[in-house]
Amino acid sequence: MSGTTNGNATYTADEMMSIAASRELRGGVVCFVGIGLPSEAANLARATHAPECSLIYESGTIGAKPEVLPLSIGDGELAENADSVVSVPEIFNYWLQAGRVDVGFLGAAQIDKFGNINTTVIGGDYDEPKVRLPGAGGAPEIAASAKEVIVMLRQSPRAFVEKLAFITSVGYATGGNSREKLGYPGAGPSVVITDFGILRPDPETKELTLVGLHPGATVEAAKEATGWKLKIADDLETTYEPEEKELQVLRDLKERTEAARKAG
Amino acid sequence: MSGTTNGNATYTADEMMSIAASRELRGGVVCFVGIGLPSEAANLARATHAPECSLIYESGTIGAKPEVLPLSIGDGELAENADSVVSVPEIFNYWLQAGRVDVGFLGAAQIDKFGNINTTVIGGDYDEPKVRLPGAGGAPEIAASAKEVIVMLRQSPRAFVEKLAFITSVGYATGGNSREKLGYPGAGPSVVITDFGILRPDPETKELTLVGLHPGATVEAAKEATGWKLKIADDLETTYEPEEKELQVLRDLKERTEAARKAG
Amino acid sequence: MAEIMELGEAVESLVSDGDSVAFEGFTHLIPFAAAHEVIRQGRRDLTLIRMTPDLVYDQMIGAGCASKLIFSWGGNPGVGSLHRFRDAVEKGWPESIEIEEHSHAGIANRYVAGASNLPFAVLRGYVGTDLPKVTSTIAPITCPFTGEELMAVPALEPDVAVVHAQQADRNGNVAMWGITGIQKEAVFSARRSIVTVEEIVDEFEPRPFQIVLPSISLDAVSVVPNGAYPSYAHDYYPRDNAFYEAWDPIGRDRGKFEVWMARHVFGVEDFAEHLRSIEAEGMVKE
Amino acid sequence: MAEIMELGEAVESLVSDGDSVAFEGFTHLIPFAAAHEVIRQGRRDLTLIRMTPDLVYDQMIGAGCASKLIFSWGGNPGVGSLHRFRDAVEKGWPESIEIEEHSHAGIANRYVAGASNLPFAVLRGYVGTDLPKVTSTIAPITCPFTGEELMAVPALEPDVAVVHAQQADRNGNVAMWGITGIQKEAVFSARRSIVTVEEIVDEFEPRPFQIVLPSISLDAVSVVPNGAYPSYAHDYYPRDNAFYEAWDPIGRDRGKFEVWMARHVFGVEDFAEHLRSIEAEGMVKE
């Protein structure tokens, strides 16, 4: 997806994706944030409509208030103005597993139609993979224990696949009520935000269904970018275009981040 | 037992007991200290021949250096100059259970011939006891996991009993190699210090045997103060009398403690 | 997210008859003020949980708030017995009380399991002692990797945890330092929590071994100066050892206890008045 | 009790061929200096353990120190892949490396079990993922009280833990603050430990969220200023993001990697010389 124009400004599909994802974060929630796109969207939410949301990074920072986007889950920026900094076991046991996280915000390398995620290997088999990805990190337990999960990734046939090479983190397992049978406390992925639009699980089958299109995106293009036969909601909506303030805050944040990255 | 005189000064049997116990603590050891008599002896050791020993109290203070004797395991005095203060789970899991404690220093209400300890109930049965004691506290795991255990208590037929009303903390269980079968990491009580003398386990049977008498005490009196038929070592030794410095340091410590207790 | 509110309101809305409640504090920062408020509001049938029940549980048990006690060491530290506790256990006065007894390590790990949303914790202990004979919440468990046998204890998940701390900030984050014992685990294991604090500050200064309970982990924060008296608050006030000694003859006698409670707990509006009331009778050290 | 000694001596006496070694640090305080010393001393057949293996393990794996890696997330944070790690896993260069892969929560709890001298830890996780299919150190366990089924993971008990911290005092107590990750558990789970520090101070100042590793829990403390470079030391120096980016093309190419290692790691005496050496080629940010 490339850029689009609204009344005020041109914006890119990536910007639309981050803004759409940030809108999913309600004020006051406790959000466990993955690095990269999720961190961008969560901090955009904090700087716009959800200043009260509390960001947790797996390095142990609670109530992190970064001025620039962290490059890693352990940047000093995260500890600087945090409400608390605790050990890694404490974050995973006393916070995540304990059910204190309202929203888990994840990225992914691959996702399937039931919102299961792969961040381990692609191609070949596990012992001799074509591509060795970084691995699980905090994702499996975020997917298991956060009350709900928001996933962000760019839509393409390589990323949205019929069958994952490896299930690193569980979404709705094989669909229907199969996740419930696994006994996880969290409800699973409530939404997947892409550069094309917004997917939500069907209430019954739990299959990810396109419920919203970003301005300029088409159903046909979204279908082509999906490795399975993508279901489309009857009442497909169109995402509100980025507001001027959203765009400005996002761009400021990215500029500050780039400047800090070069400087320090 | 009442007082006795040496060349320099009169001292009480309790003073002799504390001094004898303090001498058991070698320099440089990590010592997990119970409140009361053990704390008195451990701090006497630290103030005399073992300044390098590291005192741990179950409230979480590591390397505590109290100027006055704490009344409880959680006195502020213990945190003031400690090397570190950690949580209670950390003290029990990362320190005691992990095998980082060389010496556990315990008091007791009752002890049997195999060094098992009762601090729970006396008389009647558990549900309707004659005397309800404070309970286990940290003692069972100190007895289980400290590399060795030193026990201090005044000798009397009510305290040194043939059969405990309740086994709160395990010494040598039923003697012989029965402790080993329980799988505990620590070796068990290496010595019991009383106001009469010093008892150590027989290397084979593990039965506590009188190996030392304090000056002025007699074998007969010690036997009478014991609720089982007390074994006496062939080479029974006599405890060295308190040195002037030991007495002086002990009395200073107790005076400072009393003054602090009244003041604050 | 913690709401900053009056202690009376916090107890009213968060503690109910029949609840399991953990008032924690390891000699330091014992939440006396909150316990008095619970006594005054007449809560009944509570399951009291605490590693080291001391005077404050003696008072609650003697006042008839409790039907069960889960604990690991019950005494008046440095003084002797808890006579109200013993009277309830030994003679069933004012009513009989069920006890569930563990070691410190056992209770500590039960809180850790509760804080971690696990149904049980594992430890090396209890084997060969009489505790498993009298306490049903101890069970063997086998390591699936080594075959070793250890002991398991079930998670503690109190309905309410109550602790006292030195400071809160205006957002309801709480800072505590000195000996912080098991307080974090008690709060994290509980469904609801009340924290009383000495004062509210604009910003926390760094202190040695300070812990912070983030506002989002708490329900109510109430300001009660001297709220841990007669225990101590590190850097605020020392322990009043004289009070602990003075308690012994009061706690020893049912009549004296009832008179004292009527005058100094039931007969006052709040903890500030309690302190003035005992001070007037020479019980508070200058 | 920690002995304060030269890093070369600490590695010489405490790290042997075939050891399992955990160099921990969660982006912050990564012990680069100690890892370089291990590389320089030519250790082989190590089992490397780390939640977040990054550049420093890329260097060790590429240099042929490791026969096994136990980990939960391996990447160049903010940049991309670890090419030496991938080359070993995907193509067996310079030798094939066995991997044992967990989630962060799994490894964290394995360290906690090791630090607690327990054979295993319990957590809610792994169910429904493919990790149990490829990782044998995950097994179901049943709660003896509720009958619930959970997952167990075996304790990690490294032969050696290596971490970097800001300060030690003259007795060898170590202070660390900012993000302290899993370092305490790594040190406590290990049989032996080496801590490198930025400096030795007379007394620690209180810092927010500071932890102290008491001297009696450590074996060797070595002073290595900038010893965590190119990662950062909170309140000492920032992360050199440019280095992480510059590493990508070096790590991507076997030849470039070997030249770089020969020049900047094998070809220098110590970490101070390493820093001068890369600075001379414009790789250290001012």
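Going along each chain's sequence as written, the residues are numbered from 1 onward. Throughout, the order in which chains and ligands are written sets their labels, letters from A for the former and numbers from 1 for the latter. Since the coordinates come from a predicted model, pLDDT governs what is reported: local features require at least 70, and pairs of side-chain atoms require 80 or more to be given and counted, while whole-chain, interface and lining totals use all residues. Think of the side-chain values as coming from all heavy atoms in the structure, minus any hydrogens and water.

Q: Teacher, can you tell me more about the overall build of chain C here?
A: Strands here are runs of E lasting at least two residues and helices are runs of H or I lasting at least four, both read from the DSSP assignment and numbered beginning at the N terminus. Within chain C, the regular secondary structure consists of 10 helices and 13 strands. Against the compact-globule benchmark of 19 Å for 286 residues, chain C has a radius of gyration of 19 Å, which places it among compact chains. The principal-axis extent of the C-alpha atoms belonging to chain C is close to 65 × 50 × 30 Å. Type-normalised accessible area, obtained with a 1.4 Å probe on protein chains alone, sets the label of each residue: buried when under 20%, exposed when over 50%, and partly exposed for intermediate values. Sorting the 286 residues of chain C into buried and exposed places 69% on the buried side. We compute the radius of gyration over the C-alpha atoms and compare it with the globule rule, which gives 2.2 Å times the number of residues raised to the power 0.38.

Q: Help me understand the overall build of chain A in this model?
A: Regarding its fold elements, chain A presents eight helices and 16 strands. Against the globule reference of 18 Å for 264 residues, chain A gives a C-alpha radius of gyration of 18 Å, in line with a compact fold. By principal-axis analysis of the C-alpha atoms, chain A measures approximately 50 × 45 × 35 Å. Scored against the burial criterion, the 264 residues of chain A give a buried share of 63%. Considering only contacts in chain A between residues 6 or more positions apart, those separated by 24 or more positions represent 65%. What sets the accessible areas is the Shrake-Rupley method with a 1.4 Å probe; for residues, cover comes only from the shown protein chains. Summed over its atoms, the accessible surface of chain A is roughly 9900 Å², and 49% of this surface lies on carbon and sulfur atoms. Positive and negative side-chain charges of chain A, numbering 25 and 37 respectively, have mean locations separated by a distance of 3 Å. By the convention used here, residues are in contact when the closest approach between their heavy atoms is within 4.5 Å. By the counting scheme adopted, Arg and Lys are positive, Glu and Asp are negative, and His together with the chain ends is not counted. To locate a charge, take atom NZ for lysine, CZ for arginine, CG for aspartate or CD for glutamate.

Q: Whenever I open this one, the pairing of strand β2 (residues 20-23) of chain D confuses me. Can you help?
A: In regular strands, side chains alternate between the two faces of the sheet. Residues and elements named next belong to chain D. What you see with β2 is no split at all: Ser-20 and Ala-22 on one side and Val-21 and Phe-23 on the other are buried throughout. Only when DSSP finds a minimum of two bridges between them are two strands counted as paired. In the sheet, β2 pairs with strand β3 (residues 46-50) via three bridges, with the strands oriented parallel. Residue pairing for β3: Ala-22 is matched across the bridge by Ile-49. Crossover handedness is defined here as right-handed if the route from the first strand over the helix to the second strand goes clockwise, with the strands pointing away from the viewer. Viewed along the sheet, the connection from β2 through helix α2 (residues 32-40) into β3 turns out right-handed.

Q: Any chance you could explain the interface of chain D and chain A here in plain terms?
A: Quoted interface sizes are often the accessible area lost when the parts come together. The interface is formed by 46 residues belonging to chain D together with 45 residues belonging to chain A. Two parts placed together each lose some accessible area under a 1.4 Å probe, and the buried area is that loss summed for both. When the two sides are added together, the surface that chain D and chain A hide from each other amounts to roughly 3900 Å², 59% of it contributed by carbon and sulfur. When residues of chain D are sorted by the area they lose upon contact with chain A, Arg124(D), Ile179(D) and Phe209(D) head the list and together hold 15% of the total. Any carboxyl oxygen of Asp or Glu within 4 Å of a side-chain nitrogen of Lys or Arg constitutes a salt bridge here. In this assembly, chain D and chain A are joined by one salt bridge. Across the pair Glu101(D) and Arg132(A) runs a salt bridge, and its minimum N-O distance is 2.5 Å. Definition of a polar contact: a pair of N or O atoms within 3.5 Å, with one able to donate and the other able to accept a hydrogen when the atoms are protein atoms, and with sequence-neighbouring residues admitted only if both atoms are side-chain atoms. In this structure, the connection of chain D to chain A is made through 18 residue pairs in polar contact (both at pLDDT 80 or more). Among the secondary structure elements, those contributing two or more residues to the side of chain D that touches chain A are α4 (83-91), β5 (98-101), α5 (104-115), α6 (131-134) and α8 (241-252) of chain D. Of all the elements, α5(D) adds the most residues to the side of chain D that touches chain A, at five residues. Note on residue categories: nonpolar means Ala, Val, Leu, Ile, Met, Phe, Trp, Tyr, Cys or Pro, charged means Asp, Glu, Lys or Arg, and polar means any other residue, Gly included. Its residues assigned to classes, the side of chain D that touches chain A comprises 21 nonpolar, 16 polar and nine charged.

Q: Please explain the confidence of the model for chain C as it appears in this structure.
A: A low pLDDT means the predicted coordinates there should not be read in detail. Across chain C, the average pLDDT comes to 96, with 99% of residues at 70 or higher. Interface scoring of the predicted complex returns ipTM 0.96; its pTM is 0.97. Confidence of the prediction at every residue is given by pLDDT, a number between 0 and 100.

Q: Sorry, what's going on with the interface of chain C and chain B here?
A: Contact with chain C, which involves 46 residues of that partner, is made by 45 residues of chain B. Here chain C packs against chain B, burying approximately 3800 Å² in sum over the two surfaces, 59% of which is carbon and sulfur. Our count for the contact surface shared by chain C and chain B stands at one salt bridge. Counting every contact that joins chain C to chain B gives 19 residue pairs in polar contact (both at pLDDT 80 or more). Those elements that place two or more of their residues in the side of chain C that touches chain B are α4 (83-91), β5 (98-101), α5 (104-115), α6 (131-134) and α8 (241-252) of chain C.

Q: Looking at this structure, I do not really get the packing of helix α3 (residues 55-62) of chain C against α8(C). What am I missing?
A: To characterise two packed helices, one gives the angle between the axes of the helices and the distance between these axes. Residue and element names in this part refer to chain C. Two numbers describe how α3 lies on α8: the axes approach to 11 Å, and their chain directions differ by 35°. Crossing angle aside, the handedness with which α3 passes α8 is left-handed. Contact residues: α3 offers Leu-55, Asp-58 and Gln-59, while α8 offers Phe-243, Tyr-244 and Trp-247. For the contact of α3 with α8, the residue count by class is four nonpolar, one polar and one charged. Convention adopted: a line fitted to C-alpha atoms gives each axis, helices being fitted over their contacting stretch, and angles between N-to-C directions are expressed from 0 to 180 degrees. Working rule for handedness: look at the near helix, and if it is turned counterclockwise from the far one by less than a right angle, call the crossing left-handed; if clockwise, right-handed.

Q: Whenever I open this one, the pairing of strand β16 (residues 231-238) of chain A confuses me. Can you help?
A: Residues and elements named next belong to chain A. Where strand β15 (residues 208-213) meets β16, four bridges bridge the pair, whose relative direction is parallel. For Leu-213, the partnering residue across the bridge sits in β16 and is Thr-238. The parallel pair β15 and β16, bridged by helix α7 (residues 219-224), forms a crossover whose chirality is right-handed.

Q: Explain the packing of aromatic side chains to me, please; I cannot follow it from the model alone.
A: One pair of aromatic rings is described through two measures. These are the centre distance and the angle between the planes. Pairing of aromatic rings covers Phe, Tyr and Trp, the last through its six-membered ring, and needs centres within 6.5 Å; plane angles under 30 degrees mean stacked, over 60 mean edge-to-face, and all others mean tilted. All told, the structure shown has 26 aromatic pairs over all chains when counted by the stated rule. A ring pair is formed by Tyr126(A) and Phe166(A), whose centres lie 5.6 Å apart and whose planes are at 25°; its orientation type is stacked. Taken together, the residues span a long stretch of sequence, with Tyr126(A) in the loop between β10 (121-124) and β11 (129-132) and Phe166(A) in the loop between β12 (148-152) and α6 (178-181) at a distance of 40 residues. As far as the burial class goes, Tyr126(A) and Phe166(A) line up, both buried. Placement of a charge over a ring requires the Lys NZ or Arg CZ to be within 6 Å of the ring centre, with the centre-to-atom vector within 35 degrees of the ring normal. The ring of Tyr57(D) has Arg50(D) lying over it, and the distance from NZ or CZ to the ring centre is 5.9 Å. The ring of Phe257(D) is capped by Arg84(D), whose NZ or CZ atom sits 5.7 Å from the centre of that ring.

Q: Any chance you could explain the sheet that holds strand β4 (residues 54-57) of chain B here in plain terms?
A: Two orientations exist for strands paired in a sheet by backbone hydrogen bonds: parallel and antiparallel. Residues and elements named next belong to chain B. The 10 strands lie next to each other as β6-β5-β4-β3-β7-β12-β13-β14-β15-β16, forming an open sheet whose pairing is mixed. Strands at the two margins of the open sheet, each flanked by one partner only, are β6 (84-85) and β16 (231-238). Alignment of strand β14 (residues 197-201) against strand β15 (residues 208-213), held across five bridges, turns out to be antiparallel. Looking at β15, one finds that Pro-201 is bridged to Leu-208.

Q: For this particular structure, what's the right way to read the sheet that holds strand β7 (residues 139-142) of chain D?
A: Residue and element names in this part refer to chain D. Across the sheet, which stays open at both edges, the three strands sit in the order β6-β8-β7 with antiparallel pairing between neighbours. Looking at the sheet topology across the chains shown, the edges are occupied by β6 (120-123) and β7. Direction aside, neighbouring strands of the sheet carry axes that sit 45° apart on average. Bridge analysis of β7 against strand β8 (residues 149-154) gives four bridges, and the strand direction is antiparallel. Within the sheet, the bridge partner assigned to Ile-141 lies in β8 and is Leu-150. Sitting on the sheet, α5 is in contact with β6 and β8, with an inclination near 140° to β6.

Q: It is not clear to me how the nonpolar core should be interpreted in this structure. Could you clarify?
A: Nonpolar side chains tend toward joint burial in soluble globular proteins. The biggest cluster of nonpolar side chains holds 315 residues, and the ones touching the most others in it are Leu25(B), Phe23(C), Met60(C), Ile194(C), Phe23(D), Met60(D) and Ile194(D). Looking at this core, the element that brings in the most residues is α5(C), giving seven residues. Once residues within four sequence positions are removed from consideration, Phe23(D) is found in contact with Pro31(D), Ala34(D), Ala35(D), Val38(D), Leu48(D), Ile49(D), Arg50(D), Tyr57(D), Met60(D) and Val162(D). To define a nonpolar core, start from buried Ala, Val, Leu, Ile, Met, Phe, Trp, Tyr and Cys residues and group those joined through side-chain atoms within 4.5 Å.

Q: Can you walk me through the packing of α2(D) against helix α3 (residues 55-62) of chain D in this structure?
A: Residues and elements named next belong to chain D. For the pair α2 and α3, the least separation of the axes is 10 Å and the interaxial angle reads 0°. Classed by the angle they form, the pair α2 and α3 counts as roughly parallel. Facing Phe-32, Ala-35, His-36, Val-38 and Ile-39 of α2, the residues of α3 in contact are Leu-55, Val-56, Gln-59 and Met-60. In these notes the angle categories are as follows: under 35 degrees is roughly parallel, over 145 is roughly antiparallel, 65 to 115 is roughly perpendicular, and the rest is oblique.

Q: Any chance you could explain helix α9 (residues 254-266) of chain C here in plain terms?
A: One turn of an α-helix holds 3.6 residues; hence residues three or four places apart share an orientation. Residues and elements named next belong to chain C. Between its first and last C-alpha, α9 extends only 16 Å over 13 residues, short of the 18 Å set by a 1.5 Å rise per residue. Of all the residues in α9, the buried ones are Phe-257, Trp-260, Met-261, His-264 and Val-265. Packed against the buried residues of α9 are α2 (32-40), α3, α4, α8 and α10 (271-280). One side-chain oxygen at the N-terminal end of α9 lies 2.9 Å from the backbone nitrogen of Gly-255; it belongs to Asp-253. By definition here, a helix of n residues has an expected span of 1.5 Å times n minus one.

Q: I would appreciate a short explanation of a negative patch on the surface in the present structure.
A: Within this analysis, patches are made of residues with over 30% relative accessible area and no salt bridge. Like charges are joined at 9 Å or less; nonpolar side chains (Val, Leu, Ile, Met, Phe, Trp, Tyr) at 5 Å or less. A cluster of acidic side chains, namely Glu3(C), Glu6(C), Glu9(C), Glu12(C), Glu269(C) and Asp270(C), defines a negative patch on the protein surface. As for its placement among the helices and strands, Glu6(C) is situated in the loop between β1 (3-4) and α1 (7-14).

Q: What's the story with unusual backbone geometry in this structure? I'm lost.
A: Between Trp93(D) and the following residue, Pro94(D), the backbone shows a cis peptide bond with an omega angle of 0°. Mapping Pro94(D) onto the fold places it in the loop between α4 and β5. The residue after Tyr229(D), namely Pro230(D), is reached through a cis peptide bond having omega 10°. Along the chain, the position of Pro230(D) falls in the loop between β13 (220-223) and α8. In this model, Thr27(C) sits at a positive phi of 70°, which is unusual for a non-glycine residue.

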